[in-house]
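# Descriptive analysis of the structure
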Amino acid sequence: MATGAGWAPPRSVERHGAPRAGGGARSKSVAPGPRRPSPFPARSRPAPDNAGSADSCRVRVAVRLRPKNSEDLAHGADFDNCVELQPESKRLKLKKNNWNCESYKFDEVFSENASQKRVYEVVAKPVVESVLEGYNGTVMAYGQTGTGKTYTVGRLGKDDPSERGIMVRALEHILSSMSFETDCIAISYLQLYLESVQDLLAPEKTNIPIVEDAKTGEVSLPGAAIVEIKDLEHAFQLLQIGEANRYAANTKMNTESSRSHAILIIHLQRSSRIKGENCRSLSNDTLDIFPDDLPLVLKSKLLIVDLAGSERIDKSGSEGHMIEEAKFINLSLSSLGKCINALAENSPHIPIRDSKLTRILRDSFGGTARTSLVVTIGPSSRHYSETSSTIMFGQRAMKVVNTIKLKEEVDYEILYKKMEREVDQLTSEMERQQKVIKSEKTQLDKKLKESEKAFHDLRLTSNMQIENLEKEKCHLESAVKNLMQTLEEEKGRRNLLSEQIIELEKLLNENKQQQLENISKTKILADTSKEHEKEMGELLKLLEEERSCSSSMKNRMSVLQQQLCDAQSSAQLQESMAREFEKKLTKVTEEFTSQLQSLRKIISELISEKEVIYEELKSTQEKAQQEMRHRQGLEDQILRMKQSASDNCAEESKASCGMVRSGSGLGNAAFVSKSGKLREAVSGQRGTISKIFEEVGLPNVLSLLKSEDQDVQIHAVKVVANLAAEDINQERIVEEGGLDALLSLLETSENTTIHRVTAGAVANLAMNGSNQGVIMNKGGARLLANVASKTDDPQTLRMVAGAIANLCGNEKLHLMLKQDGGIKALLGMFRSGHTDVIAQIARGIANFAKCESRVISQGHRKGRSLLIDDGVLTWMVANSTRFSASTRRHIELAFCHLAQNEDNTCDIIASGGIKELLRISRESPREDTRNLAKKALDSNPAFLREVQ
């Protein structure tokens, strides 16, 4: 569900339809309030004339004559018809007597034989088709009570399609003409009761305020439920809920007299589009933001109003609270008549604020809506004055002219989606470019790292080679030094040997001289000379070896010197290569740095461009987010209203003794029976009881409850039980001491029949909220529990269970009900196995669980459910699928409400309730119950863990 605030347009484009000439006299229309200037130009086009008349903007009025009813036939001899129809000329003659009559012309005249289809096609179809084109419209029924307004407008006709009224046919027409892919339809159903606007789809919403926009003059009802519909079956369900919640009563003029004005508001939203050539008139700024076709949406509203009938107290027989209702009905109708008179007479002041009805219908008369009015009259002369007043109302309404206007609004949702797609495309393109830039940067970084690594490796290798060459050079230098030392040593030895040879030669010369001198020593000298020669040969040989070794050492040294030169040249070459590579690396690094700076510049430009785009869409996104949050809140309200509606529809069958359960914890809306046979039977029975009551008197009937004759007591209790079925008698019975007498019978009597009928009477009294606290304070729950424990009679147990079930619907009495044993007694009656008893048990548990859930959700109480201590949860898990569909619905509803309380989580898991909750969310025949079970599962983390 959503609230009325969600339909307020943020910005609109208006188109005015020019009224056409012809028809009745034209009055000055009410000037619309000041309009907020629109940023888009207004475009005009004439309104379509679907009715084929030239005065399409004038309020069109048709008159419908009701057939004679039983009361008219009964008085037919005394009163003739005062109305004569002339459908061919669209005229009506009103006869005051045989010689005085007046003729009136209307846009259409329907005889008593006119079909519902013809009435719709003539009165409502042109307005509906105009609404489909984007104009506001109103269809309204006005007339005396009992002349067929509700039949003409609000008849559902689900069983007989030919009986369908304007509401159903208009919805059917609109649904068949829409495309649900682009269009949307939603309804609100309200009633004006005692000058208080109440929601028929959400009965707890009362005294809804009426808000008028000071700039646009539009009237809205914030807080009223707006339900989106998709098919006719859904619309039927909502209309049935609204009909059940509407106040009605039985009067002398009408057995089902409406006591409130019913207003069905159909909100329609259809897509439209201004083509490119029409965008030329828009401002340049707007064209810069929205270069393509501008998406528009048509929003229109259709009001179908079933006014409560005007009545006279002396004729309707209203009394008590009904007199107050009739006073407010007549006051609101009188205010409407004053506004019509002022408009018809071109009065400078229109008393719109005298009534909430005229404020709601401000746009219908003298405003911007296309309006059709059907006035209903009766044929009998007994009601001549009322018929004349109704006809004059229609004649004055024909003089009112409306200036219809077409409103087109920019479809911000489609526009937002389009801009969002463009932003996504730009974002994806920017991300793609960023990825390309990132990949290129990654590749350059990789190449740079590889180059740095190669340069580092080359530097390490060069350093290692240089170190090795230096070590080898040092080693060669040390080897050269050693060789030089060895060569020096050899030179020293050779010099020493040369000196020895010289000395030996000297010695030899000396020896030769001595040989000459000493011939005797020749032989010795010869031997010595040989030895010296031998030693000299060895020395020469050794000298040759030393020379060869020295030459080899020189050769090796030259080789080592050559290797050292080669290593030094290689090291110089590697150093030059490293310098060249370092230069190339520096150049690559500079190129990469310049590319990186250009890429960063491109990225900054893209980011600034993105910021500009986001800045342009900021206001649109904020509005869209607010609307999404608002829609989410509205969806939550829709779920709660569906739950409330399903609870109101889940009523049990009525008791055979005439007890009508009009109030319980599942809904306190007024109930009006639609079954003819049941109404006649109940009416006859109540007529008999009322006759006894009038003849004997309530105190005398109550005194018979103390009679010693059991038969007398039984009959007296039956009379009291039937009287207690009437709301008007319940408080009087309690005030006269009837409740005390009934509770005394429950406590003292041992007769099963007395127990059964007395329990039924207490159940009827327990339907009144003020009586429930009195029953509990006087120990009524304890006495009922005592009777339940002593008897096995199914009918008695059914009455006792029904009484306790009604008490369960009052959350203020729950703790006292539990302390007095009411819950244990209710669960203990399951032993009977009787279907009706079990149905009442399930209803009572559902009442208790729902009221307790509401109190806990409002924060008035915390903790585990009072039902769990008495074993109700285990019983529901074990028996949830064993009974009839209606009983199962009550058990499933109670189970879902218990699951809403987080303090019950452990008990539900321990009892195996998770499987049952899953079954309800998937298999329950009611959608609202399935949604409630899904909500309990999704909102509780412990449940989700158990499910997983």
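Residues numbered from 1 in each chain as written. Predicted model: local features only at pLDDT ≥ 70, side-chain atom pairs only at ≥ 80, totals over all residues. Heavy atoms only, no water.

The name an unreviewed UniProt entry gives the chain is Kinesin-like protein, with Urochloa decumbens as the organism. Taken from UniProt, the Subcellular location (unreviewed entry) comment for the chain reads in full: "Cytoplasm, Cytoskeleton". (UniProt positions renumbered as here; feature names shortened; annotations may be inferred.)

Here we come to the overall build of the chain. Broken down by element type, the chain carries 31 helices and 19 strands. The long-range share in the chain, meaning contacts at least 24 apart out of those at least 6 apart in sequence, stands at 75%. (Helix = DSSP H or I, 4+ residues; strand = E, 2+ residues; numbered from the N terminus. Contact = heavy atoms within 4.5 Å.)

Okay, the pattern of salt bridges next. Per the stated rule, a full pass over the model turns up 24 salt bridges. Between Arg919 and Glu892 there is a salt bridge; the shortest N-O distance is 3.2 Å. You can see Arg919 sitting in helix H29 (residues 913-923) and its partner Glu892 sitting in helix H27 (residues 885-899), a full 27 residues away along the chain. Relative accessible area serves as the criterion here: at 17%, Arg919 is assigned to the buried category. With its nearest N and O atoms 3.5 Å apart, the salt bridge here joins Arg926 to Asp928. Since its relative accessible area comes to 24%, Arg926 is described here as partly exposed. The class of Asp928 is buried, set by a relative accessible area of 7%. One salt-bridge network, in which partners are shared between bridges, spans Glu212, Arg353, Arg359 and Arg362. (Salt bridge = Lys/Arg side-chain N within 4 Å of Asp/Glu carboxyl O. Buried < 20%, exposed > 50% of the residue type's maximum accessible area, 1.4 Å probe, protein only.)

This part is about the UniProt feature "binding site: ATP" (unreviewed entry) in the chain. Summarizing the sequence annotation, UniProt attributes the feature "binding site: ATP" (unreviewed entry) to Gly143, Gln144, Thr145, Gly146, Thr147, Gly148, Lys149 and Thr150 in the numbering used throughout. Relative to the helices and strands, Gly146 resides in the loop between strand E8 (137-143) and helix H3 (149-154). Residue position: Lys149 is located in helix H3. Given a relative accessible area of 5%, Lys149 falls into the buried group. Apart from the residues lying within four places of it in its own chain, the contact partners of Lys149 are Ala141, Tyr142, Gly143, Gln144, Gly154, Asp306, Leu307, Ala308, Gly309 and Thr376.

For the structure shown, the criterion picks out five aromatic pairs. By way of ring pairs, the aromatic residues Phe830, Trp875 and Phe883 are connected into one cluster. (Phe/Tyr/Trp six-rings, centres within 6.5 Å; stacked < 30°, edge-to-face > 60°.)

This part covers the nonpolar core. Generally speaking, a soluble globular protein has its nonpolar side chains buried in company with each other. Ranked by internal contacts, the top residues of the largest apolar core, which has 84 residues, are Leu705, Met829, Ile845 and Met876. Not counting chain neighbours up to four residues away, the residues in contact with Met876 comprise Ile845, Ile891, Ala894, Phe895 and Leu898. Cys82, Ile265, Leu307 and Leu333 belong to the second largest nonpolar core, which has 49 residues in total. (Core = buried A, V, L, I, M, F, W, Y, C linked by side-chain atoms within 4.5 Å.)

We now examine the side chain of Glu108. Residue placement: Glu108 occurs in strand E7 (residues 108-110). Glu108 sits in the buried class, given a relative accessible area of 9%. Those residues within four positions of Glu108 in sequence are excluded, and the remaining contacts are Val61, Ala62, Val63, Lys90, Arg118 and Val122.

Closest axis-to-axis distance for the helix H8 (residues 321-344)/helix H10 (residues 384-397) pair is 9 Å, and the angle between their directions is 40°. Taken as axis vectors, H8 and H10 run oblique relative to one another. Pair H8 / H10 crosses with left-handed handedness. Residue-level contacts link Leu336, Gly337, Ile340, Asn341 and Ala344 of H8 to Phe393, Arg396 and Ala397 of H10. Of the residues belonging to the contact of H8 with H10, the class tally is five nonpolar, two polar and one charged. (Axes fitted to C-alpha atoms, helices over the stretch in contact; angles between N-to-C directions. Parallel < 35°, antiparallel > 145°, perpendicular 65-115°, else oblique. Left-handed = near helix turned anticlockwise from the far one by under 90°. Nonpolar A, V, L, I, M, F, W, Y, C, P; charged D, E, K, R; others polar.)

Looking now at the packing of H27 against helix H30 (residues 927-939). Between H27 and H30, the shortest axis-to-axis distance is 9 Å and the interhelical angle comes to 25°. One element, H27, and the other, H30, form an angle in the roughly parallel class. The way H27 lies across H30 gives a crossing that is left-handed. In contact with Glu892, Leu893, Cys896, His897 and Ala899 of H27, H30 contributes Thr929, Leu932, Ala933 and Ala936. Grouping the amino acids of the contact of H27 with H30 by side-chain chemistry returns six nonpolar, two polar and one charged.

Each full turn of the α-helix corresponds to 3.6 residues, which orients residues three or four apart in the same direction. The terminal C-alpha atoms of H27 lie 21 Å apart, and with 15 residues this matches the ideal 21 Å at 1.5 Å per residue to within 8%. Across the 15 residues that make up H27, a large majority, 11, are buried. For H27, the complete set of buried residues consists of Thr887, His890, Ile891, Glu892, Leu893, Ala894, Phe895, Cys896, His897, Leu898 and Ala899. (Expected span 1.5 Å × (residues − 1).)

Every second residue of strand E4 (residues 83-86) is oriented toward a common face, the buried set being Val83 and Leu85 and the non-buried set Glu84 and Gln86. Where E4 meets strand E5 (residues 91-97), four bridges bridge the pair, whose relative direction is antiparallel. Looking at the pairing, Leu85 lines up with Leu92 of E5. Hairpin connection of E4 to E5: four residues between the antiparallel strands, including Lys90 at a positive phi of 55°. (Pairing = 2+ DSSP bridges.)

Turning to the environment of Val947, a few remarks are in order. Relative to the helices and strands, Val947 is located in helix H31 (residues 941-947). You can call Val947 partly exposed: its relative accessible area is 39%. In the structure, Val947 is positioned 10 residues away from Leu937 in sequence and 8.6 Å away in space, judged by C-alpha atoms. The residues contacting Val947, other than those within four sequence positions of it, are Ile914, Leu918 and Leu937.

Strand order in this open sheet of three strands is E4-E5-E6, and the pairing throughout is antiparallel. Only two strands of the sheet have a single partner each, and these edge strands are E4 and strand E6 (100-105). For this sheet, the mean angle separating the axes of adjacent strands, direction not counted, is 20°. Seen against the sheet, H10 touches E4, E5 and E6 and runs at an angle of roughly 145° to E5.

Averaged over every residue, the pLDDT of the chain is 78; the share at 70 or more is 81%. Note on residues 1-55: pLDDT is under 50 here. Beyond four places in sequence and across chains, it has 160 contacts. (pLDDT = per-residue confidence, 0-100.)

This part covers a negative patch on the surface. Taken together, the side chains of Asp527, Glu531, Glu535 and Glu538 make up a negatively charged region of the molecular surface. For Glu538, the position within the fold is in helix H12 (residues 522-649). (Patch = residues over 30% accessible without salt bridge, like charges linked within 9 Å, V, L, I, M, F, W, Y side chains within 5 Å. Areas by Shrake-Rupley, 256 points an atom, 1.4 Å probe, with all protein chains shown as cover. Lys, Arg positive; Asp, Glu negative; His and termini not counted. Charge placed at Lys NZ, Arg CZ, Asp CG, Glu CD.)

A word on unusual backbone geometry. Of note, the phi angle at Leu194 is positive, near 55°, even though the residue is not glycine. In this structure, Leu194 sits in the loop between strand E9 (184-193) and strand E10 (196-199).

All right, on to the environment of Arg270 then. Looking at the element boundaries, Arg270 is found in strand E16 (residues 261-274). Along the sequence, Arg270 and Ile185 sit 85 residues apart, while their C-alpha atoms lie 8.7 Å from each other. Polar side-chain contacts of Arg270 include one of 3.0 Å to the backbone oxygen of Leu132. (Polar contact = N/O pair within 3.5 Å; in protein donor to acceptor, adjacent residues only side chain to side chain.)

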